[in-house]
Amino acid sequence: MFQKPLIYKPLSYRRKKSSGTADIKQAMAAQRKVFPPKGKVIQCAVGFEIEIRFTPFRNMEHFNEYVKSFIPFRDSKFERFKKNDVLLKGLDFELRVDLSMEDMMPYLEIVTAPFEESAAGLKKMNAAFEVLHMMMRDLTRADGDEASALDFYQIFGNYGEIKGKDRTIRLLGHPPFYEGVFQVTAGIGLERIPIVFRDLAWPDDDEDPDLVRRREMGRRWLIGWKREKADEYDPDLSRARKFQKINEVIRGLRVFSTEGSSRIMSGPVPWSPSLEGLLSMIAQYLLLTHTRLRRYPKSFAVLLSRNDFASLFQLLSAEQKAFFNAGQNWSHFMKILSSRLEVGDAEEPLFSGGVFHGFGGEFKELRHAFAPLSRMDWLVQIPKGKDLLTEKFFPVREHKHFFKSFGEFGGKMDSVDIAGLKMNAPIFEFRMIGFRLHFWQWKNFAQAAHSWISALNSGKDVKFGETEGFMGF
């Protein structure tokens, strides 16, 4: 079970040599390669990204320039931080720079190495999160009342390698200083995705009460679901309700595949758990893009596919691929899916409500910039080997860069052991963790996510947070 969040009051900061510093440095020295070689896909692993509420400045002069004169980062005379700049290399983690799109404001993000779904991987993950706990403890003690002009090297020098030019960095904190926003990246068998969607969805009326209880922690922590506040939910905004809708539609298609498909297509749809997983992912994209997005394009996704959908389609059986490539079978089936999701006509824009609605007038001209891509444009190309919802194939050249993260890994996948068989598993990113986590909770959350995903891939019936009895593998 998760620890109850503690109230952590910032303390005045004095530079002290932590009693664990020698152990930290010794452990780091033993790790020759913290991250895999570029381009290599890690086998059967779970990784984490944690956004923390601190903005870096090049030095004290840069900090004063911003605070006193409010000079935007893009107009400053100082070198701008770039996305994914590595400021600290630690024990199985790095402290990097990310950028907010609306004003290019840099902020700090912790990116861990991928931890294998094994006892050894769990041990490494626990060690890394223990170090992160100490690091965040020192950071929150240093922030004082205002977290103003913190000395980056003084705080983080004990926790890893910092380049000389980055030792002058100063930080500005934004309360609450102790929080982190998580994303989780992992390879998950395509046939296991329907289980994920059921674990996240609003409970069906006939769902077994014991199953509701077992799924509650995952629903609450991963998607922000709270059963006791059911009356406050807006069905149009609740992601849990939308996952319930997806699951209902997919169940209906499963029945339709045998009873009604032969009247419209060339025969009954050859159903399988992998097909159900692919359709669930497509349905999520269709349903969650059918709204006014306040942020950038990928902000709709709860589960983002890091592999392109053309590669996901190739995971279907030879029989299924042959069926959907015959005649109009695929396009007929996609029109039926769109209709049952009630998102509008398949020929309408995929991003039907537009994007960047929360970014002010500066982004007004981009709100409907993606309208040239219709739902059917995207869907019909998937069996043909093209995913138009990727930087490589997006049809509007000047806007391709907005889709860099979509399907970025192409056909490179994890290899997982499912029911004794080695299978290619797509890589997914849980983007919308529904809870801002106090750093005291980080290790417990990581353990729960690691165990849940490991169990999914191994076919065990373990729900999010049910770590007892499974942690030893």
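Everything quoted here is computed from the prediction, not taken from an experiment. (Residues numbered from 1 in each chain as written. Predicted model: local features only at pLDDT ≥ 70, side-chain atom pairs only at ≥ 80, totals over all residues. Heavy atoms only, no water.)

Novice: I tried to follow the overall build of the protein on my own but got confused; where do I start?
Specialist: Per the secondary structure count, the protein includes 14 helices and 14 strands. Evaluated residue by residue, the protein yields a buried proportion of 55% over its 473 residues. Residue pairs in contact within the protein that sit at least 24 positions apart in sequence constitute 72% of those at least 6 positions apart. (Helix = DSSP H or I, 4+ residues; strand = E, 2+ residues; numbered from the N terminus. Buried < 20%, exposed > 50% of the residue type's maximum accessible area, 1.4 Å probe, protein only. Contact = heavy atoms within 4.5 Å.)

Novice: How should the packing of helix α7 (residues 239–259) against helix α12 (residues 329–341) be read in this particular structure?
Specialist: In a pair of packed helices, the angle between the axes and the distance between the axes together describe the arrangement. Look at α7 against α12: their axes get within 10 Å of each other, and the N-to-C directions meet at 140°. By the angle between their axes, α7 is oblique relative to α12. The way α7 lies across α12 gives a crossing that is right-handed. Each of K245, I246, V249, I250, G252, L253 and F256 in α7 lies in contact with α12, whose residues at this interface are F333, I336, L337, R340 and L341. Per-class residue counts for the contact of α7 with α12 are nine nonpolar, one polar and two charged. (Axes fitted to C-alpha atoms, helices over the stretch in contact; angles between N-to-C directions. Parallel < 35°, antiparallel > 145°, perpendicular 65-115°, else oblique. Left-handed = near helix turned anticlockwise from the far one by under 90°. Nonpolar A, V, L, I, M, F, W, Y, C, P; charged D, E, K, R; others polar.)

Novice: Is there a simple way to explain the sheet that holds strand β8 (residues 170–173) in this structure?
Specialist: The strands making up a sheet are joined through hydrogen bonds of the backbone, oriented either antiparallel or parallel. A sheet is described by the order of its strands in space; here three strands give the open sequence β2-β8-β7, paired in antiparallel fashion. A strand with exactly one partner marks an edge of an open sheet, and here the two such strands are β2 (54–57) and β7 (150–151). Relative to β8, β7 runs antiparallel, the two being bridged by two bridges. Residue pairing across strands places L150 opposite L171, the latter belonging to β8. (Pairing = 2+ DSSP bridges.)

Novice: Can you help me understand empty space enclosed by the protein in this one?
Specialist: As enumerated under the stated definition, the model contains two cavities of 30 Å³ or more in all. Quantified by volume, the largest cavity comes out at close to 40 Å³. Looking at the lining of the largest cavity, the elements that each hand over two or more residues are α5 (193–200) and α6 (209–223). For the lining of the largest cavity, the element with the highest residue contribution is α6, accounting for four residues. Here the lining of the largest cavity is built from residues that sort into four nonpolar, one polar and four charged. Counted as a void, the second largest cavity has a volume near 30 Å³. Residue lining of the second largest cavity: F351, G354, V355, R367, H368, A369, F370 and A371, and that is the complete set. (1 Å grid on protein atoms, 1.4 Å probe; cavity = no way out; pocket = protein on both sides within 12 Å on 5 of 7 lines; lining within 4 Å. Points joined across faces, edges and corners; volume = space filled by probe spheres on them.)

Novice: Would you take a moment to explain the packing of aromatic side chains for this structure?
Specialist: The description of an aromatic ring pair rests on the distance of the ring centres and on the angle between the ring planes. Here the structure, examined in full by the defined rule, presents 39 aromatic pairs. When the ring of F323 is compared with that of F324, the centres are 5.3 Å apart and the planes differ by 75°; the resulting orientation is edge-to-face. Comparing F323 with F324, the two get one shared label, buried. Geometry around F81 places R58 over its ring, the cationic atom sitting 3.8 Å from the centre. The ring centre of W225 lies 5.5 Å from the NZ or CZ of R219, which sits over that ring. (Phe/Tyr/Trp six-rings, centres within 6.5 Å; stacked < 30°, edge-to-face > 60°. Lys NZ or Arg CZ within 6 Å of the ring centre and 35° of its normal.)

Novice: Is there a simple way to think about unusual backbone geometry in this case?
Specialist: Across residues other than glycine, the phi torsion is negative in most instances, and most of the peptide bonds are trans. Cis geometry is adopted by the peptide bond preceding P176, which originates at P175 and carries an omega value of -5°. Structurally, P176 is set in the loop between β8 and β9 (179–187). Of note in the backbone geometry, F356 takes a positive phi value of approximately 60° without being a glycine. Tracing the sequence through the fold places F356 in the loop between α12 and α13 (375–381). Exposure remark for F356: the relative accessible area of 0% places this residue in the buried category.

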